[in-house]
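Structural description and commentary
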Amino acid sequence: DSGETPTLGDAVLQLSVLAGERSKVVFICEVFPPEAWGEEALFYVDKVLPVGLSVDRLAIDKRADGLAFARLRVTAPLAAGARRLQWVWQYRDRLAQQRGGVQLLLVTVVHAVGAGASRCEPCSEGEEVGEDRHSC
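Conventions we followed
Residues numbered from 1 in each chain as written. Predicted model: local features only at pLDDT ≥ 70, side-chain atom pairs only at ≥ 80, totals over all residues. Heavy atoms only, no water. Pairing = 2+ DSSP bridges. Helix = DSSP H or I, 4+ residues; strand = E, 2+ residues; numbered from the N terminus. pLDDT = per-residue confidence, 0-100. Phe/Tyr/Trp six-rings, centres within 6.5 Å; stacked < 30°, edge-to-face > 60°. Buried < 20%, exposed > 50% of the residue type's maximum accessible area, 1.4 Å probe, protein only. Salt bridge = Lys/Arg side-chain N within 4 Å of Asp/Glu carboxyl O.

Right, let's get into the pairing of strand β5 (residues 81-89). Sheet analysis places strand β1 (residues 11-32) next to β5, joined by nine bridges and oriented antiparallel. When the bridges of β5 are listed, V12 appears paired with V88. Two elements, strand β2 (residues 41-45) and β5, share five bridges in a ladder whose sense is antiparallel. Opposite F43, over in β5, you have W87 as the bridge partner.

Below, the structure written as structure tokens:
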């Protein structure tokens, strides 16, 4: 993979987050066809493929229209600071445009600053509130 950033004509969804210490993004998606992950279906953090990305295949199944898909759980660490997350479908040919895609089912950013619970939860015994004031 060349690690190129998205080009005109690609489908792109992006999310800006402020990541705290020990942040990570976890998302579940369905990719069809299953082999499209890493080829047409890509995920970027700050316009680059993230180091430490892990992909777990949860299932392979068929949609109602008969097309096979893979359900994936993807996890990537996030360095502290402002981050731009991008999910990209690259249209490589006319067939990909007609018969392929990716669907996000769930996105979680762990330790996002200023997000999540509206009240502070107590830390476990022996832990202290972190410098970001949102985590233990």
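The discussion continues.
Here V88 lies in strand β5. Sequence spacing of V88 and V12 is 76 residues, and the spatial spacing of their C-alpha atoms is 4.6 Å.

The next thing to look at is the confidence of the model for the protein. Chain-level statistics for the protein give a pLDDT mean of 83 and a share of 78% at 70 or above. Taken element by element, the protein is modelled with least confidence in helix α1 (residues 94-99), mean pLDDT 56, and with most confidence in strand β4 (residues 68-78), mean pLDDT 95.

Let's shift gears to the pairing of strand β3 (residues 54-62). The sheet contact formed by β3 and β4 spans eight bridges and is antiparallel. Paired with D61 across the strands is F69, a residue of β4. Adjacent in sequence and paired antiparallel, β3 and β4 are bridged by five residues, among which G66 carries a positive phi angle near 90°.

Under the counting rule described, the total for this entry stands at four aromatic pairs. Here the aromatic rings of F27 and F43 are separated by 4.9 Å at their centres, their planes lie at 55°, and the arrangement is tilted. Note that F27 is positioned in strand β1 and F43 in strand β2, a separation of 16 residues in sequence. In this pair, the class of F27 matches that of F43, namely buried. Relative to W87, the ring of F27 lies with its centre 5.5 Å away and its plane at 80°, an arrangement referred to as edge-to-face. Of this pair, F27 sits in strand β1 while W87 sits in strand β5, placing them 60 residues apart in sequence.

Further remarks concern unusual backbone geometry. The peptide bond linking F32 to P33 adopts the cis configuration, its omega dihedral lying at 0°. Of note, the phi angle at R22 is positive, near 60°, even though the residue is not glycine. Relative to the elements of secondary structure, R22 occurs in strand β1. Within the chain, H111 stands out as a residue other than glycine whose phi angle is a positive 65°.

Before going further, it helps to spend a moment on the pattern of salt bridges. Counting across every chain of the model gives four salt bridges. Its salt-bridge partner being R83, residue D46 comes within 2.8 Å of it at the nearest N-O pair. Of the two residues, D46 sits in the loop between β2 and β3 while R83 sits in strand β5, which places them 37 residues apart along the sequence. What makes D46 partly exposed here is its relative accessible area of 33%. Taking relative accessible area as the criterion, R83 reaches 18% and is therefore assigned buried. In this structure, the salt-bridge partner of R73 is D56, at a minimum N-O distance of 3.7 Å. One end of the pair, R73, is in strand β4; the other, D56, is in strand β3, and 17 residues separate them in sequence. For R73, a relative accessible area of 33% puts it in the partly exposed group.

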